[in-house]
Amino acid sequence: MFEHLKNSDKEVYDIIEREHRRQEDNLEMIASENFASFSVLEAASSFFTNKYAEGYPGKRYYGGCLYCDEIELMAIERCKRIFGAEHANVQPLSGTAANMAVYFAVLEQGDSILSMDLAHGGHLSHGHPLSFSGRFYKIIPAKNNLETGLIDYERMEKLALENKPKLIICGASAYPRIIDFKRYREIADKAGAYLMADIAHIAGLVAAGEHPSPFPFCDFVTTTTHKTLRGPRGGVIMSKKEHAAIIDRQVFPGIQGGPHMHIIAAKAAAFGEALKPEFRSYQRQIVKNSKALAAGLLRNGFTLVTGGTDNHMVLVDLRNRNMTGKTAQNILEDAGITANKNSIPGDPEKPFVTSGIRLGTPAVTTRGMKEAEMTRIAEFINRAVEAGENKKALNAIRDEVKTMTADFPIYKSE
Ligand code: PLP
């Protein structure tokens, strides 16, 4: 692979190859990451890179869009089929852009949004003060129950009735349990709010029936395509038919110019994979692995936010191990395990330090790992936390990780 680049620009090629090696050699436990298939990578680097196609199928502002129309319609149809959506816009360049387009479609500057607090699992684009979402809109942050870590629907309902937000967002970046979309709908109806689900993290699980669907409860559903869904880096908006026109207008020309047709081609390829029966078993294994990882961590004395998991991720509360999330992220990296620090509900540490670490199983499951490997990974993590700054002990774990990952190559046909 990459033979042309290797010959024409060895400097760029070498960095790409080093990144490839890093992915192969380490245990990728970042809950929002995955390994797209060779087919998806090929589509993403295809000749569609060269093409401008502002507008939508049948209504473009450029000539030569015959095949752009064909591939975009295919991506739309496959996406609608996967999720049972009435309308899909596959042009958003990212999850954040997808969310922005929905806000622009239904809100005016200064309108209020009720969303999960960032420290309780929400995402930056759901209203962080430094994000456009927190700057343009009045945010009502919903906090989870501090004792259980679970979404507190009763408290949220009270908040919604007191504040009457125009939009309620359900969806999270760091919540290991099932989200009750029906309950959210009841709250939105009582408050007279639009309801948007951001299923970026759980999209693959939803597609495979491993997590309840946000349809028919939500007016809008946004997602990224690169997490559990295992596609290229990008976003999608789905909605009820009645909202199709305002969504499409806000994506283009509202916030974007030319769609990235090569990524839309890769989305079509990834959606094709998601429609195959193997995808269902893959998603089922993600959840089984996540539960096995949670059980292994509990056996090794870790505390988990909400006590366990129903989905692809585990959120570890490190306070009983006297270690911050920042330190844990660094020592795990030295041990060959890639993860990210994460705030936990009621976190006493700053967001850049945190008391938690978020772990996910989508990527290791893609390489074929199963419950037995999750048990070993929990042990590696425990040994790394016990080793602390002891580089020799961390290097020993790293060697074991490398031996283990070598048995589960990602890009096998190379
Ligand atoms: N929404 C949620 C729930 C996310 O977790 C993320 C990213 O992690 C996003 C949106 C943003 O996606 P992107 O990084 O593509 O903008």
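Predicted model, so just to flag it, every value in this text is computed and none were measured. (Residues numbered from 1 in each chain as written. Predicted model: local features only at pLDDT ≥ 70, side-chain atom pairs only at ≥ 80, totals over all residues. Heavy atoms only, no water.)

Novice: Mind showing me how you'd approach the overall build of the protein chain here?
Specialist: Assigned secondary structure in the protein chain consists of 16 helices and 15 strands. The C-alpha radius of gyration computed for the protein chain amounts to 21 Å, which stays within 12% of the reference 22 Å derived for 414 residues, consistent with globular compactness. Counting all 414 residues of the protein chain, 57% fall into the buried class. Taking the contacts inside the protein chain whose residues are at least 6 apart along the sequence as the reference set, 72% of them involve residues at least 24 apart. Just so you have it, the protein chain exposes about 17800 Å², and 52% of that area is on carbon and sulfur atoms. The centroid of the 51 positive side-chain charges in the protein chain is displaced by 2 Å from the centroid of its 50 negative side-chain charges. (Helix = DSSP H or I, 4+ residues; strand = E, 2+ residues; numbered from the N terminus. Rg over C-alpha atoms; globule rule 2.2 N^0.38 Å. Buried < 20%, exposed > 50% of the residue type's maximum accessible area, 1.4 Å probe, protein only. Contact = heavy atoms within 4.5 Å. Areas by Shrake-Rupley, 256 points an atom, 1.4 Å probe, with all protein chains shown as cover. Lys, Arg positive; Asp, Glu negative; His and termini not counted. Charge placed at Lys NZ, Arg CZ, Asp CG, Glu CD.)

Novice: Quick question: what am I supposed to make of the packing of helix H13 (residues 325-334) against helix H16 (residues 391-406) here?
Specialist: One can describe the packing of H13 onto H16 by two numbers: an axis separation of 8 Å at closest approach and a directional angle of 60°. The angle between H13 and H16 falls in the class oblique. Seen from H13, the contacting residues are Ile331, Glu333 and Asp334; seen from H16, they are Lys391, Leu394, Asn395 and Arg398. Along the lines of polarity and charge, the residues of the contact of H13 with H16 split into two nonpolar, one polar and four charged. (Axes fitted to C-alpha atoms, helices over the stretch in contact; angles between N-to-C directions. Parallel < 35°, antiparallel > 145°, perpendicular 65-115°, else oblique. Nonpolar A, V, L, I, M, F, W, Y, C, P; charged D, E, K, R; others polar.)

Novice: Please clarify how the sheet that holds strand S7 (residues 167-170) should be interpreted in this entry.
Specialist: In sheet architecture, strand pairing relies on hydrogen bonds along the backbone and comes in two forms, parallel and antiparallel. With mixed pairing, seven strands are arranged side by side in an open sheet as S4-S10-S9-S8-S7-S5-S6. With one partner strand each, in any of the chains shown, strand S4 (87-89) and strand S6 (138-142) form the two edges of the open sheet. Each adjacent strand pair in this sheet contributes to an overall mean axis angle of 20°, direction not counted. Looking at chain direction, S7 and strand S8 (residues 194-198) are connected through four bridges and run parallel. By the bridge assignment, Cys170 is partnered in S8 with Ala197. Packed on one face of the sheet, helix H7 (residues 153-163) meets strand S5 (112-116), S6 and S7 and runs near 160° to S6. The sheet contacts of helix H10 (residues 244-255) involve S4, strand S9 (220-224) and strand S10 (235-239), and relative to S4 the element is tilted by about 0°. (Pairing = 2+ DSSP bridges.)

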